Amino acid sequence: MDRYLIIKTRDEFLRIKINDILYLEADRNYTKLLLTEGIQFTFAINLGKIEEMLEDQVKDAKTMLTRVGKSYIINKNYILQINLPRQKLLLLPPGGKPRELVIPKEPLKALKEKLEQEGMKSERK
C-alpha cells in the first residue's frame, strides 16, 4: 500500500508518495523536496515542521525516511555510499541519476552506525 505525505500551504496542495521522495533539504525557513524522478519543489515550511508532518501523517515514515543533521531528511532506500573522510552521501534512485550530498562528519557517522545496526538486526531475522 502506498503511503503519502500531504503538504498544504495557502497556495498549494501536494500529495507525494513517500517512496518517491529522494531527500528534503533545509534552506532557512524553506524546504526543498527532490523526488526520485528529479522533480524539485520548494515550500515556505521549515524542515522541522515537515518532519512533524511526516510523523503525524505516515505511521512508519522513520523506516524509510531519516533526519541527517540539521539540513536533510533522506530516503534510506536510495543510499548507495557513505564516505566519512570526504563527508559525502551518495543517493541513487532507480533509473535516476546519482545525487551527492555534502553532510558534516558527525551526522554522517551517526547515519552509518544506524544503518549498520539495522543491517545486523535484519540479518538475525
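Just above sits the structure.
As a convention, each chain's residues are numbered from 1 in the sequence order in which they are written. With the structure being a predicted model, the display of local features is reserved for residues of pLDDT at least 70 and the display and counting of side-chain atom pairs for 80 or more, all residues being used for whole-chain, interface and lining totals. Hydrogens are left out, water is left out, and the side-chain values use all remaining heavy atoms of the structure.

Draft legend 1. Structural view of the packing of aromatic side chains. Aromatic rings from Phe, Tyr and Trp, with only the six-membered ring used for Trp, were paired whenever their centres fell within 6.5 Å, and each pair was classed as stacked if the ring planes differed by under 30 degrees, edge-to-face if by over 60, and tilted otherwise. All chains considered together, the criterion is met by 2 aromatic pairs. Seen from their ring centres, Tyr 23 and Tyr 72 are 5.9 Å apart, and the 70 degrees between their planes marks the pair as edge-to-face. Taken together, the positions of Tyr 23 in strand β3 (residues 21-27) and Tyr 72 in strand β7 (residues 72-75) put the pair 49 residues apart, joining distant regions of the chain. Of the two residues examined, Tyr 23 and Tyr 72, each falls in the buried class. Aromatic side chains Phe 41 and Phe 43 sit 6.5 Å apart centroid to centroid with 20 degrees between the ring planes, which places their arrangement in the stacked category. Here's how the labels work: a residue is buried when its accessible area is under 20% of the maximum for its type, exposed when over 50%, partly exposed in between, all with a 1.4 Å probe on protein chains only. Classification of Phe 41 as partly exposed rests on a relative accessible area of 25%. A residue is classified by how much of its surface remains accessible, and Phe 43, at 2% relative accessible area, is buried. Seen from the ring of Tyr 4, Arg 15 lies directly overhead, with NZ or CZ sitting 3.7 Å from the centre. Secondary structure elements are taken from DSSP: a helix is a run of H or I of four residues or more, a strand is a run of E of two residues or more, and numbering for both begins at the N terminus. Lysine NZ or arginine CZ positioned within 6 Å of the ring centre and within 35 degrees of the ring normal marks a charge as sitting over the ring.

Draft legend 2. Spatial organisation of the sheet that holds strand β4 (residues 30-35). In this scheme, strands are said to pair when DSSP sees at least two bridges between them. Pairing in this open sheet of 5 strands is antiparallel, and the strands run β5-β4-β3-β7-β6 from one edge to the other. With partners counted over all chains shown, the strands left at the sheet margins are β5 (40-43) and β6 (65-68), one partner each. Mean inter-strand twist for the sheet, computed between neighbouring axes without regard to direction, equals 20 degrees. In the sheet, β4 pairs with β5 via 4 bridges, with the strands oriented antiparallel. Bridge pairing in β5 places Leu 34 opposite Gln 40. Lines are fitted to the C-alpha atoms to define the axes, a helix being fitted only along its stretch in contact, and any angle between axes, read from their N-to-C directions, falls within 0 to 180 degrees.

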